[in-house]
Amino acid sequence: LSKKVQAIYMWWHRPVIDRELLQSLPNLKVIANSGVGMDHLDLKLISSFGVKMANVPRAVSTSTADAGMALLLASARRLVEVHHIAISSNVDYCEADILGVKVSGATLGIVGMGRIGYKIALRAKAFEMKILYHNRTRRKAQEEQAVGATYCEKIDSLLQQSDFVMVVVSLTPQTRNLIGKRELELMKPTAILINISRGAVVDQEALAMALQTGVIGAAALDVTCPEPLPRLDHPLLKLKNVIITPHLGIKTDKTNYMITEEAVENILAALNGLPMPSEVLPS
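Within an unreviewed UniProt entry, the label attached to the protein chain reads Glyoxylate reductase/hydroxypyruvate reductase, and the organism entered is Tyrannus savana. According to UniProt, the comment filed for the protein chain under the heading Sequence similarities (unreviewed entry) is "Belongs to the D-isomer specific 2-hydroxyacid dehydrogenase family."

Here you go:
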């Protein structure tokens, strides 16, 4: 069937797109990815075979923003920790043991104000949060005003001021370990880090040490490196001030349907020689 294949729809990084596969499919025209992140693909290699690529930013942005806010709220109010207290018959506690962090009026720093980051800002505005953001390019003034966001040209300024830091960047060579020991030490000792981008954007060893020693207050991670983490010996799995979820960002029934619709839209456009709505070009 190799000569009949004209399109590939990837789901959760499958099938693996390598040189051998590309060489075996001489009539392949397009690869549609079921997410936004393309770091698992060699874009230049694929392009060299004359194959177009697309992702699905419209389908995933709302659910991912919802997941980010869910993690922010859960970590602020220590929901996982207090859930275990509530269902344990032999745990004594007082109110001082389960105090959370007030979200309303707190400062949220968004690292990466793309489509998802902006939707997070919209949600944070509804919670009456002060919003800072750091991005490669500054948003238009009217977009900033719509969510009440303040631009930080330097990430250091954002880290120093924020009560919550939400990481929403793509994984590139420039963003790998973007949040490391130095950046964590710039944050407030009460600050909470939320990562919904890619696990490798955060130096996990530095994060574990920062959480253990009180450099920052807590973390909520929807992504890790690798996924899942080694179950027996990873220090992040042993800390009470960490919430880890298994890459839940886009995992809703409606979102999965919308992802497939957007991917098919891109595939049909490519096969019919039309512009793809969500084409991704190699950098």
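Let us keep going from here.
Caption draft 1: View of helix α9 (residues 204–213). Regarding α9, the residues found buried are Q204, A206, L207, A208, A210 and L211. Buried residues belonging to α9 abut α8 (181–186), β8 (192–195), β9 (218–221) and β10 (242–244). Between the side-chain oxygen of the N-cap and the backbone nitrogen of E205 there are 3.2 Å, and the N-cap of α9 in question is D203. Downstream of α9 by one or two residues, G214 has phi in the positive range, about 80 degrees.

Caption draft 2: Quick look at the side chain of S34. Here S34 is to be found in the loop between β2 (30–33) and α2 (43–48). At a separation of 3.4 Å, a polar atom in the side chain of S34 contacts the main-chain amide nitrogen of W12. Sequence-distant contacts of S34, that is, excluding residues within four places in its chain, are made with Y9, M10, W11, W12, V56, I250 and I259.

Caption draft 3: Just the sheet that holds strand β6 (residues 149–151), in detail. Pairing in this open sheet of seven strands is parallel, and the strands run β6-β5-β4-β7-β8-β9-β10 from one edge to the other. Two strands close off the open sheet at either side, each with one partner strand: β6 and β10. The mean inter-strand angle of the sheet, taken between neighbouring strand axes irrespective of direction, is 15 degrees. The pairing of strand β5 (residues 130–134) with β6 spans three bridges and is classified as parallel. Looking at the pairing, L132 lines up with T150 of β6.

Caption draft 4: View of the domain arrangement of the protein chain. When the domains of the protein chain are assigned, the result is domain 1 (2–55 + 252–280) and domain 2 (64–244). Between the C-alpha centres of domain 1 and domain 2 the distance comes to 31 Å.

Caption draft 5: Fine view of the pairing of strand β7 (residues 164–167). Of the two faces of β7, both are covered, the one formed by F164 and M166 as well as the one formed by V165 and V167. As paired strands, strand β4 (residues 107–111) and β7 are joined by four bridges and run parallel to one another. Each bridged residue has a counterpart across the sheet, and for G109 the counterpart in β7 is V165. Relative to β8, β7 runs parallel, the two sharing four bridges. Looking at β8, one finds that M166 is bridged to I194.

Caption draft 6: Examining helix α3 (residues 57–76) more closely. Over its 20 residues, α3 extends 28 Å from the first C-alpha to the last, a length consistent with the 28 Å expected when each residue adds 1.5 Å. For α3, the buried fraction is high: 15 of the 20 residues fall into the buried class. Once α3 finishes, R78 follows within two positions and takes phi at roughly 55 degrees, a positive value.

Caption draft 7: Broad picture of the packing of α3 against helix α5 (residues 115–126). Direction vectors running N to C along α3 and α5 enclose 45 degrees, while the axes themselves pass 8 Å from each other. The angle between α3 and α5 places the two elements in the oblique class. Judged by the twist between their axes, the crossing of α3 over α5 is right-handed. Contacts from P57, R58, S61, T62, T64, A65, D66 and M69 of α3 reach α5 at R115, I116, K119, I120, R123 and A124. Here the residues of the contact of α3 with α5 are counted per class, giving six nonpolar, three polar and five charged.

What counts, and at which threshold
- Residues numbered from 1 in each chain as written.
- Predicted model: local features only at pLDDT ≥ 70, side-chain atom pairs only at ≥ 80, totals over all residues.
- Heavy atoms only, no water.
- UniProt positions renumbered as here; feature names shortened; annotations may be inferred.
- Buried < 20%, exposed > 50% of the residue type's maximum accessible area, 1.4 Å probe, protein only.
- Helix = DSSP H or I, 4+ residues; strand = E, 2+ residues; numbered from the N terminus.
- Contact = heavy atoms within 4.5 Å.
- Polar contact = N/O pair within 3.5 Å; in protein donor to acceptor, adjacent residues only side chain to side chain.
- Pairing = 2+ DSSP bridges.
- Axes fitted to C-alpha atoms, helices over the stretch in contact; angles between N-to-C directions.
- Domains from an automatic or database assignment.
- Expected span 1.5 Å × (residues − 1).
- Parallel < 35°, antiparallel > 145°, perpendicular 65-115°, else oblique.
- Left-handed = near helix turned anticlockwise from the far one by under 90°.
- Nonpolar A, V, L, I, M, F, W, Y, C, P; charged D, E, K, R; others polar.

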